[in-house]
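Each chain, letter by letter, is given below.
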Amino acid sequence: MKPATSATLITCLRDEGPFLIEWLAYHRAIGFDRFIIGANDCTDGSHEMLTRLAAMGEVIYLPFSRDPAGKGPQYQFADLLAATGQIKDGDWLAWLDLDEFLLVHRGDGSVQRLIHDLGKADGIRINWRYFGVPPGVAWPGRQIHPALCRCAPADFTREVGLDHRTFKSLYRHRDGLAFFAHGPIYTAASLERQPDWRDGKGKTQRRRAWPRKRLKIPAGVELVTTSLIQHDWAQINHYATRHPAFAQMRRQRGRGSAFVPTDPTDPFYQDFAARHSDAYFATYNQHSDHDPRILRHLPAIDAQMGRLLADQTLRHWHDHALRQLPPEALAKALAKALAAPLP
């Protein structure tokens, strides 16, 4: 049955086939009913999986190739999405990466409950919370698992770089807004009416807060791209490092906002000191605290995964993607683990 309030989830990916089904199943379980997914230059089976999911009516799939001029894939996809006309005035939207899971703390934990509680508001900022893996913990075969509930302290901040003040958005689209991974892009014209944005406690913000990228800031308009850390209504579980076994995979995949190839002879080569370096993993593999609240959704996730993987074609390409995992991730065990619900 279609939810009373429709919600669209947007993402852009490259070579994330091993993690796609669980991410899709989780967000469908919490109430997103439409998925628009872009993917560029996939080699691990992600393209075939998304093609099949589109044929099944599960997603809207928009494939593309990396801009030879070096434009970031997420920016490319945002332009592509805008040209399709798939997003209508009044649609509720969120854009999450494959390592980000929206965890709602209101009522039944659904995105519909969050939208209901927002009332007539235009949107809400939802702060990150970094999750990591303590030494010696093997990859259990899925992201949402009791073994992977270690995380950073709620007030995790850094002087330089990303921390829990960074946020993603759930918002009501209106004509004239552009898309970006962290929220809508406002223009001077679309700021004629002060948007009603809520903070993590559901309170109206006194300052405008959304990504400033791609926005020519009008004179006299103050924008902020970070916020107070407030996880009261919801949080983004950010598995930024996933597991140490996947470190090299993430380096090879590159960045969504700026393509980072691994070949130094490539004209778009960048040093990994900027992202996905050893220092990055050491910083963001946070595991001092424990937050298992996402586990409430495990039965619904298992049901959705079972439904999706009952399709033989999708299951074939899903298993193909799993076989691309590094040996230390135990791909055969991973395939078995994802096929069966937790005891």
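For the structure itself, look to the data block above.
Residues numbered from 1 in each chain as written. Predicted model: local features only at pLDDT ≥ 70, side-chain atom pairs only at ≥ 80, totals over all residues. Heavy atoms only, no water.

### Focus on the overall build of the protein chain
A tally of regular secondary structure across the protein chain gives nine helices and 11 strands. Every one of the 343 residues in the protein chain was classed for burial, and the buried ones make up 56%. Taking the intrachain contacts of the protein chain between residues at least 6 apart in sequence as the baseline, contacts between residues at least 24 apart amount to 75%. For the protein chain, the exposed surface amounts to about 14,700 Å²; the carbon and sulfur share of it is 52%. (Helix = DSSP H or I, 4+ residues; strand = E, 2+ residues; numbered from the N terminus. Buried < 20%, exposed > 50% of the residue type's maximum accessible area, 1.4 Å probe, protein only. Contact = heavy atoms within 4.5 Å. Areas by Shrake-Rupley, 256 points an atom, 1.4 Å probe, with all protein chains shown as cover.)

### With respect to empty space enclosed by the protein
Per the stated rule, a full pass over the model turns up one cavity of 30 Å³ or more. Of the volumes computed, that of the largest cavity is approximately 30 Å³. As for the largest cavity, its lining consists of F131, G132, V133, Q143, L148, Y239 and R242. (1 Å grid on protein atoms, 1.4 Å probe; cavity = no way out; pocket = protein on both sides within 12 Å on 5 of 7 lines; lining within 4 Å. Points joined across faces, edges and corners; volume = space filled by probe spheres on them.)

### With respect to the pairing of strand β3 (residues 60-64)
Sheet analysis places strand β2 (residues 34-40) next to β3, joined by five bridges and oriented parallel. Following the sheet pairing, N40 is matched in β3 by F64. Remark: the β2/helix α2 (residues 46-55)/β3 crossover connection has right-handed handedness. (Pairing = 2+ DSSP bridges. Right-handed = clockwise from strand over helix to strand, strands pointing away.)

### Topic: the nonpolar core
Counting residues in each nonpolar core, the largest one holds 60 residues, and the members touching the most others are W23, F32, L102 and L170. By residue number, the principal contributor to this core is helix α1 (residues 17-29), which donates six residues. Core analysis: the next-biggest nonpolar cluster, separate from the first, contains 17 residues, C12, F64, L177 and Y186 among them. (Core = buried A, V, L, I, M, F, W, Y, C linked by side-chain atoms within 4.5 Å.)

### Re helix α4 (residues 111-118)
Here α4 lies mainly inside the structure; six of its eight residues are buried. Within the sequence span of α4, burial applies to V111, Q112, L114, I115, D117 and L118. G119, located one to two residues past α4, shows a positive phi value of around 60 degrees.

### A word on the packing of α1 against α2
Contact geometry of α1 with α2 gives a least axis separation of 9 Å together with a crossing angle of 30 degrees. Comparing their axes, α2 and α1 come out roughly parallel. Judged by the twist between their axes, the crossing of α1 over α2 is right-handed. Residue-level contacts link G17, L20, I21 and L24 of α1 to S46, M49, L50 and L53 of α2. For the contact of α1 with α2, a count of residues per class yields six nonpolar, two polar and no charged. (Axes fitted to C-alpha atoms, helices over the stretch in contact; angles between N-to-C directions. Parallel < 35°, antiparallel > 145°, perpendicular 65-115°, else oblique. Left-handed = near helix turned anticlockwise from the far one by under 90°. Nonpolar A, V, L, I, M, F, W, Y, C, P; charged D, E, K, R; others polar.)

### Overview of unusual backbone geometry
Of note, D41 is a non-glycine position whose phi angle comes to about 55 degrees, a positive value. Within the element layout of this structure, D41 appears in the loop between β2 and α2. Looking at D41, the relative accessible area reads 31%, which means it is partly exposed. Phi is positive for R242, which is not a glycine, with a value near 50 degrees. Position of R242 relative to the elements: it lies in the loop between β10 (234-238) and α5 (247-253). Its relative accessible area of 3% is what places R242 among the buried residues.

### Side note on the packing of aromatic side chains
A full pass over the atoms with the stated rule returns 17 aromatic pairs. Look at Y130 and F156: their rings are 5.8 Å apart centre to centre, the planes differ by 85 degrees, and that puts the pair in the edge-to-face class. With Y130 in strand β6 (residues 123-130) and F156 in the loop between β7 (150-151) and β8 (167-172), this residue pair connects regions lying 26 residues apart in the sequence. Under the relative-accessibility criterion, Y130 is labelled buried at 0%. By relative accessible area, which is 10% here, F156 ends up buried. Ring pairs connect the aromatic residues W128, Y130, F156, Y280, F281 and Y284, which therefore count as one cluster. The ring of W233 has R106 lying over it, and the distance from NZ or CZ to the ring centre is 4.2 Å. (Phe/Tyr/Trp six-rings, centres within 6.5 Å; stacked < 30°, edge-to-face > 60°. Lys NZ or Arg CZ within 6 Å of the ring centre and 35° of its normal.)

### Details of the side chain of N40
Here N40 shows up in strand β2. Owing to a relative accessible area of 2%, N40 belongs among the buried residues under this scheme. When residues no more than four places from it in sequence are discounted, the contact partners of N40 are L13, R14, F64, S65, R66 and P73.

### Overview of the environment of L314
Within the secondary structure layout, L314 lies in helix α8 (residues 312-322). Assessed through its relative accessible area of 0%, L314 is described here as buried. Along the sequence, L314 and R52 sit 262 residues apart, while their C-alpha atoms lie 6.2 Å from each other. The residues contacting L314, other than those within four sequence positions of it, are I21, M49, R52, L53, M56 and L308.

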